[in-house]
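Below, each chain spelled out in residue letters.
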Amino acid sequence: MRRSEIVGMIPLLLLLVTGEASAHAFLDHAEPRVGNKVATAPREVTLWFTQKLEPAFSTVTVTNSAGQRVDTGKTRVSGNQMSIELRPGGSGTYHVTWHVLSVDTHRTEGNFTFQVGQ
Ligand SMILES: [Cu+2]
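Engineer: I'd like a description of the overall build of the protein chain, backed by residues and values.
Structural biologist: The secondary structure content of the protein chain amounts to one helix and eight strands. Each helix and strand of the protein chain, ordered N terminal to C terminal, gives the series α-β-β-β-β-β-β-β-β. Restricting the contact set of the protein chain to residue pairs at least 6 apart, pairs at least 24 apart contribute 58%.

Right, here's the structure in full:
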C-alpha cells in the first residue's frame, strides 16, 4: 500500500469511529415521559431507545420517593423497547435507572425521574 493511500484512509477511519459512537443505544423517550408529572402511579414504565437491545443484558429498575423498589423485577425487551411493570408505590418522585446492551455490543446506562401526585 502506498503512503498516499494510507493517508487517504484516515478521514474514512475517523468517520467510522465517530459514526459508530453515535450508534449506541440511548434513551429516545419514555412513558411516563422524562421529568413529567402524572396524577396516579403508572402500572408500568416503558422506555424507547435509539437502537435495538439485547434482552439478556438490558434491565430497568424503578424506585419510589422512599427509595423502595416498586418494579416487579421482570424487564421485557422487544426490539428497541423495554418495559417493566410496577407495584403501587404512592406519590412523589420516581427514579428510573436503566442499563442496556445494544445489538452493536456496547453498554450504555442512564436514569431519569417522573412525578406522581396531584
Ligand atoms: Cu455502539
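From this point on, the discussion continues.
Engineer: Can you explain the environment of Phe-57? Please cite residues and give values.
Structural biologist: Among the secondary structure elements, Phe-57 is positioned in the loop between β3 (44-49) and β4 (59-63). For Phe-57, a relative accessible area of 48% puts it in the partly exposed group. Note: C-alpha distance between Phe-57 and Arg-107 (50 residues apart in sequence) is 8.9 Å.

Engineer: Describe the environment of Thr-40, listing the residues and the values that go with them.
Structural biologist: Within the element layout of this structure, Thr-40 appears in the loop between β2 (37-38) and β3. C-alpha separation for the pair Thr-40 and Val-116, spaced 76 residues apart in sequence, amounts to 5.8 Å.

Engineer: Describe the sheet that holds β4, listing the residues and the values that go with them.
Structural biologist: Reading across from one edge, β2-β8-β7-β4 is the order of the four strands in this open sheet, with mixed pairing throughout. The two strands at the open ends of the sheet, each matched to only one other strand, are β2 and β4. Where β4 and strand β7 (residues 92-101) come together, five bridges link them in antiparallel fashion. Note that in β7 the partner of Thr-61 across the bridge is Thr-97.

Parameters and conventions
Residues numbered from 1 in each chain as written. Predicted model: local features only at pLDDT ≥ 70, side-chain atom pairs only at ≥ 80, totals over all residues. Heavy atoms only, no water. Helix = DSSP H or I, 4+ residues; strand = E, 2+ residues; numbered from the N terminus. Contact = heavy atoms within 4.5 Å. Buried < 20%, exposed > 50% of the residue type's maximum accessible area, 1.4 Å probe, protein only. Pairing = 2+ DSSP bridges.

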